[in-house]
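Single-letter residue listing:
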Amino acid sequence: MRFKALDRLYLRCRYDRFIPGALHKDGRRYLPQIVVTPLDAGTDTAAGTRLWLVDRHHRVDPTLVGQIINVRLLCALSSIRMQVPPLRAGFIPSPTETATAPLSEPVIYGQVADVLTWEVQREHLPFETLYTELVIRLSERATIGLRTTLSAPRIVDLIGCAELLAGHRIEIQRSRVDILALETDCTEPVPATGLY
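What you see is a predicted model; the values in this text were computed from it and never measured.

(A) Region of the structure containing the overall build of the protein chain. Each helix and strand counted, the protein chain has one helix and 13 strands in total. Moving toward the C terminus, one meets the helices and strands of the protein chain in the order β-β-β-β-β-β-β-β-β-β-β-α-β-β. At 17 Å, the protein chain has a C-alpha radius of gyration in line with the 16 Å of a compact globule built from 196 residues. Considering the protein chain as a whole, with its 196 residues, one finds that 48% of them fall into the buried category. Considering only contacts in the protein chain between residues 6 or more positions apart, those separated by 24 or more positions represent 69%. Carbon and sulfur atoms make up 53% of the accessible area of the protein chain, which totals about 10,100 Å². Of the charged side chains in the protein chain, 23 are positive and 22 negative, and the gap between their average positions amounts to 4 Å.

(B) The arrangement of unusual backbone geometry in detail. For the bond running from P85 to P86, omega is 5°, close enough to zero to count as cis. Here the phi dihedral of D40 falls at roughly 55°; this positive angle occurs in a residue that is not glycine. Looking at the secondary structure, you find D40 in the loop between β4 (33-38) and β5 (51-54). If you check the backbone angles, L77 has positive phi at about 55° while not being a glycine. Mapped onto the elements, L77 comes out in the loop between β6 (68-76) and β7 (79-82). Residue L77 is classed as exposed on the basis of its relative accessible area of 61%.

(C) Region of interest: the pairing of strand β12 (residues 169-173). Note that β7 and β12 share four bridges and pair antiparallel. Bridge pairing in β12 places M82 opposite I170. Relative to β12, strand β9 (residues 107-121) runs antiparallel, the two being bridged by four bridges. Bridging from a neighbouring strand, Y109 pairs with E171 of β12.

(D) Summary view of the pattern of salt bridges. Applying the stated criterion across every chain yields a total of 12 salt bridges. A salt bridge links D178 to R56, with the nearest nitrogen and oxygen atoms 3.0 Å apart. Residue D178 is located in strand β13 (residues 176-183), and its partner R56 is located in the loop between β5 and β6; the two are separated by 122 residues in the primary sequence. Given a relative accessible area of 30%, R56 falls into the partly exposed group.

(E) Representation of the side chain of E133. Tracing the chain through its elements places E133 in strand β10 (residues 128-139). Side-chain polar atoms of E133 contact the side chain of Y131, separated by 2.5 Å.

(F) Region of interest: the nonpolar core. With 38 residues, the main nonpolar core has L11 and I136 as its most contacted residues. Take this core: its biggest share by element is five residues, from strand β11 (residues 142-152). Leaving out residues up to four positions away in the same chain, L11 has contacts with P38, L39, A41, L51, I69, N70, V71, L73, F91, A142 and T143. Membership of the second largest hydrophobic core comes to eight residues, among which are F3, L9, L74 and V135.

(G) Representation of the pairing of β11 in the model. Of all 11 residues in β11, nine are buried, a share of seventy percent or more. One ladder, built from three bridges, connects β6 with β11; its direction is parallel. Looking at the pairing, L74 lines up with G145 of β11. Of the strand pairs in this sheet, β10 and β11 are connected by 11 bridges, and their pairing is antiparallel. Along β11, the bridge assignment pairs E128 with A152. What sits between the antiparallel neighbours β10 and β11 is a turn of two residues.

What counts as what
- Residues numbered from 1 in each chain as written.
- Predicted model: local features only at pLDDT ≥ 70, side-chain atom pairs only at ≥ 80, totals over all residues.
- Heavy atoms only, no water.
- Helix = DSSP H or I, 4+ residues; strand = E, 2+ residues; numbered from the N terminus.
- Rg over C-alpha atoms; globule rule 2.2 N^0.38 Å.
- Buried < 20%, exposed > 50% of the residue type's maximum accessible area, 1.4 Å probe, protein only.
- Contact = heavy atoms within 4.5 Å.
- Areas by Shrake-Rupley, 256 points an atom, 1.4 Å probe, with all protein chains shown as cover.
- Lys, Arg positive; Asp, Glu negative; His and termini not counted.
- Charge placed at Lys NZ, Arg CZ, Asp CG, Glu CD.
- Pairing = 2+ DSSP bridges.
- Salt bridge = Lys/Arg side-chain N within 4 Å of Asp/Glu carboxyl O.
- Polar contact = N/O pair within 3.5 Å; in protein donor to acceptor, adjacent residues only side chain to side chain.
- Core = buried A, V, L, I, M, F, W, Y, C linked by side-chain atoms within 4.5 Å.

Below is the structure:
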């Protein structure tokens, strides 16, 4: 399923490393990976923070290592909740990671820029399920996507509100971060939204 706002996702990075992945019998590589250093990715993203990303859709050109690129990222299978003060923005290590190694499951703090889908189901089950697609702003120049499904007796107890709206500050954990596109043209700024 295509993310509804792919053109609105923009994270400028330095492309540091390509890890080819295991070779399949058909000659293709299985789950190639890359390491990138995000640029302008929120005030709480420490200088030199690196992300370890899996190229599940084979979007990455290994010859671009060393260049400044734009990646369009989608967080999937994530847990989300409202932020509690102090409010933060950017990528930080999860409790199981260290800041010196590339982050494979970072905790991500940002502001909801747009709610593309918000569907809560309550029928036929003893619990609620939520399917949502969001655009998350990390800084004035960085946005990522989020697509997830959550289940709980009450969604409001899980995320801290009945429905997320543009402007809400959230925390994202346990994400699988997918690369939806990688481009070398990094000159197009993210449109200002008045958020932040």
